[in-house]
Amino acid sequence: MEIRYGIAISNDTRKFYIFILPLYDNRQIRTIMENKLTIYNTLSRKKEVFKPINPPYVGMYVCGPTVYGDAHLGHARPAITFDLLFRYLQHTGYKVRYVRNITDVGHLENDADEGEDKVAKKARLEKLEPMEVVQYYLNRYHKAMEALNVLPPSIEPHASGHIIEQIEYIKKILDAGYAYESNGSVYFDVEKYNKDYHYGKLSGRNIDELLNTTRELDGQQEKRNSFDFALWKKASPEHIMRWPSPWSDGFPGWHLECSAMGTKYLGEEFDIHGGGMDLLFPHHECEIAQSVAAQGKETVHYWMHNNMITINGQKMGKSLGNFITLEQFFTGNHPLLSQAYSPMTIRFFILQAHYRSTVDFSNEALQASEKALQRLLDGWENLNKIIPAENSSIEVPDLKSRCYEAINDDLSSPIVISHLFEGVRIINTVSTGNATLNSKDLNKLKDTFKIFMFDILGIKSEKSNIDSSSTEAYKQAINVLLDVRKDAKAKKDWATSDFIRNKLTEIGFEIKDTKEGFEWKLNK
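Owing to the predicted nature of the structure, the values given are computational and were not obtained by experimental measurement.

**Observations concerning the packing of aromatic side chains**
Consideration 1: According to the stated counting rule, one finds 18 aromatic pairs in the structure shown.
Consideration 2: Three or more aromatic residues joined by ring pairs make a cluster, and in this case those are Tyr 178, Phe 188, Tyr 193, Tyr 197 and Phe 229.
Consideration 3: We note Arg 205 situated over the ring of Phe 281; from NZ or CZ to the ring centre the distance is 4.0 Å.

**With respect to the confidence of the model for the chain**
Consideration 1: Mean pLDDT over the chain stands at 88; residues scoring 70 or higher make up 88%.
Consideration 2: Confidence drops under a pLDDT of 50 for residues 215-220, and excluding neighbours within four residues, the segment shows 3 contacts in the predicted structure.

**A look at the sheet that holds strand E6 (residues 95-100)**
Consideration 1: With parallel pairing, the 4 strands of this open sheet are ordered in space as E6-E5-E11-E12. Each edge of the sheet is formed by a strand with only one pairing partner; in this case those strands are E6 and strand E12 (300-306). Between one strand and the next, the sheet's axes are offset by a mean angle of 20 degrees, whatever the strand orientation.
Consideration 2: By the bridge criterion, 3 bridges tie strand E5 (residues 57-62) to strand E11 (residues 270-276) in an arrangement that is parallel. If you follow Val 62 over to E11, its bridge partner there is Gly 274.

**Things to note about the pairing of strand E7 (residues 179-182)**
Consideration 1: The pairing of E7 with strand E8 (residues 185-188) spans 4 bridges and is antiparallel. Bridged to Tyr 180 within E8 is Tyr 187.
Consideration 2: Count of turn residues in the E7/E8 antiparallel hairpin: 2 residues, of which Asn 183 carries a positive phi of about 55 degrees.

**Brief notes about the packing of helix H2 (residues 73-91) against helix H11 (residues 343-351)**
Consideration 1: In contact at an axis separation of 10 Å, H2 and H11 are set at 75 degrees when each is read in the N-to-C sense. Between H2 and H11, the angle is such that the two are roughly perpendicular. Where H2 abuts H11, its residues Leu 73, Ala 76, Arg 77, Ile 80, Asp 83, Leu 84 and Arg 87 lie against Ile 346, Arg 347, Phe 349, Ile 350 and Leu 351.

**Let's talk about the sheet that holds strand E15 (residues 359-360)**
Consideration 1: If you walk across this open sheet you meet the 3 strands as E14-E13-E15, and the pairing is mixed. With one partner strand each, in any of the chains shown, strand E14 (314-315) and E15 form the two edges of the open sheet.
Consideration 2: Of the pairings in the sheet, the one linking strand E13 (residues 309-311) to E14 comprises 2 bridges and is antiparallel in character. Within E14, the residue paired with Thr 310 across the bridge is Lys 315.

**A closer look at the pattern of salt bridges**
If the charged atoms of two oppositely charged side chains come close together, the side chains can form a pair.
Consideration 1: A full pass over the atoms with the stated rule returns 23 salt bridges.
Consideration 2: Across the pair Arg 87 and Asp 83 runs a salt bridge, and its minimum N-O distance is 2.8 Å. Of the two residues, Arg 87 and Asp 83 both sit in helix H2, 4 residues apart, roughly one turn of that helix. As far as the burial class goes, Arg 87 and Asp 83 line up, both buried.
Consideration 3: In this structure, Arg 124 engages Glu 116 in a salt bridge whose closest nitrogen and oxygen atoms are separated by 2.9 Å.
Consideration 4: A relative accessible area of 25% means that Glu 116 is categorised as partly exposed.
Consideration 5: One network of salt bridges, with partners in common, ties together Arg 485, Lys 489, Arg 501 and Asp 513.

**Observations concerning the environment of Asn 443**
Consideration 1: In this fold, Asn 443 is placed in helix H15 (residues 439-456).
Consideration 2: A relative accessible area of 48% means that Asn 443 is categorised as partly exposed.
Consideration 3: Put simply, Asn 443 and Asn 384 are 59 residues apart on the chain and 9.8 Å apart in space, counted from C-alpha to C-alpha.

**Considerations on the pairing of strand E3 (residues 38-41)**
Consideration 1: Here E3 pairs with strand E4 (residues 46-49) via 4 bridges, running antiparallel. Note that in E4 the partner of Asn 41 across the bridge is Lys 46.
Consideration 2: In this structure, the hairpin formed by E3 and E4 is closed by a connection of 4 residues, where Arg 45 is found at a positive phi of approximately 60 degrees.

**Observations concerning helix H5 (residues 163-176)**
Consideration 1: Between its first and last C-alpha atoms H5 spans 20 Å; for 14 residues at 1.5 Å apiece the expected length is 20 Å, and the two agree.
Consideration 2: Within H5, the full set of buried residues consists of Ile 163, Gln 166, Ile 167, Tyr 169, Ile 170 and Ile 173. Within H5, the buried residues cover an arc of 160 degrees as seen down the axis, which keeps them to one side. Exposed residues pointing more than 90 degrees away from the buried face of H5 are listed as Ile 164 and Asp 175.
Consideration 3: Against the buried residues of H5 lie E7, E8, strand E9 (229-234), strand E10 (250-252), helix H8 (256-266) and helix H9 (280-295).
Consideration 4: With its phi angle positive at about 90 degrees, Gly 177 sits one or two positions after the end of H5.

**Observations regarding the environment of Ala 294**
Consideration 1: Within the secondary structure, Ala 294 is located in helix H9.
Consideration 2: When its relative accessible area of 16% is taken as the criterion, Ala 294 is described as buried.
Consideration 3: Separated by 118 residues in the primary sequence, Ala 294 and Ala 176 have C-alpha atoms spaced 6.8 Å apart.
Consideration 4: Beyond its immediate stretch of four places on either side in the chain, Ala 294 contacts Tyr 169, Lys 172 and Ile 173.

Calculation criteria
Residues numbered from 1 in each chain as written. Predicted model: local features only at pLDDT ≥ 70, side-chain atom pairs only at ≥ 80, totals over all residues. Heavy atoms only, no water. Phe/Tyr/Trp six-rings, centres within 6.5 Å; stacked < 30°, edge-to-face > 60°. Lys NZ or Arg CZ within 6 Å of the ring centre and 35° of its normal. pLDDT = per-residue confidence, 0-100. Contact = heavy atoms within 4.5 Å. Pairing = 2+ DSSP bridges. Helix = DSSP H or I, 4+ residues; strand = E, 2+ residues; numbered from the N terminus. Axes fitted to C-alpha atoms, helices over the stretch in contact; angles between N-to-C directions. Parallel < 35°, antiparallel > 145°, perpendicular 65-115°, else oblique. Salt bridge = Lys/Arg side-chain N within 4 Å of Asp/Glu carboxyl O. Buried < 20%, exposed > 50% of the residue type's maximum accessible area, 1.4 Å probe, protein only. Expected span 1.5 Å × (residues − 1). Arc of directions from axis to C-beta.

As structure tokens, then:
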């Protein structure tokens, strides 16, 4: 797609901005609009055709990690889910601004309004500055995401870097009458808000009933009722992370950062907000209430939630202590792991399930994913070795259209993968000499695999270290051994031939005899 650029000047009288923006002609916009992507909107509880507010631009906000420990498998799922969406939106021609926040302040233990800040607690235990903890684990998070081939977001704002914006947001909510100050802290008045709007519309919680059953128990707290949540917390004397505000020296509530930063970078209304199912309530419910209270309207048009990774049927998470970090998966260094699993195996394992379904961890499931992924990658390698014939002797279905149909149906990655395996079946049939393909059909298959396996699903080969020039001598040595075996077979020296094959198989090589001679690969 050829993109031209133009200049837009803002009419904001307080500030002067000049934006250099890409220009799309009507044909390009029409091509984008013809894409019938449907996504499940948690808010409406149904699939909806995706219609961005201002095509071809898309604003997408996804809740990122609280960086006080290493990323685990549960963190990989939303990262890969929304990476899939990010890749596909870009593939179809949208210009996406993808914002993924970093929580480095305000997230208290047990996800509540009381207790110690998770980052500050880690800093205290390890005798470090809080931002040392943040930087250390953020670096490791980025490294893990890179290994998983997760594309970086357009913007990655930190909560601690947007204190001013959060204070201003609180002022708006106070001015609207939906918050109150209490002993230097500011709380959102859920009961008052619920009289005018609907607190619980995203999660389906019956807030009226819950308020009636808890009011008496929590009447002595500084909150008016237990369901009110903190917008600003007055810091106790020992609290390290604190900032001045009109109400006290303190810190923002956990739910506030996403409302403030989403508005700052994506505007008062934007297209998609994503995150894990565990954030639906109270985090995302509170975000909706904050945005409506502050600006009189909802911010997000499509709410998307990936389901959880479970271990023995229980959510995997840091707070439960039942998690396995990504680094432990990559190295195999955990009692529950029977082996190491590569980053692409982890990515493929997650993509084999629909993002809204629960995935239960097991070594057996990961090993099955490892084998299935290798079959796909082998299929791609074999596809590139096929020499085109004059005619195709096997029917090649329109796999590309089928893959588009699947991905447009709420990102149905398992169906896309099943179509790619249908392609592998055809490739293997041709590779073994039982069918032929002409250039047109070969190119159709190559195009489908390139678009869906690599560009959209984000799978990549992990053989780059084996294929580097530094290992050329190693490859030639294997070829010499197999040439000796080939000569032995020609002389009917079966003992030597079998000895070479068996020894290579024992140390992990897979040998395949072909009409031209032989092929080999090193299995894990």
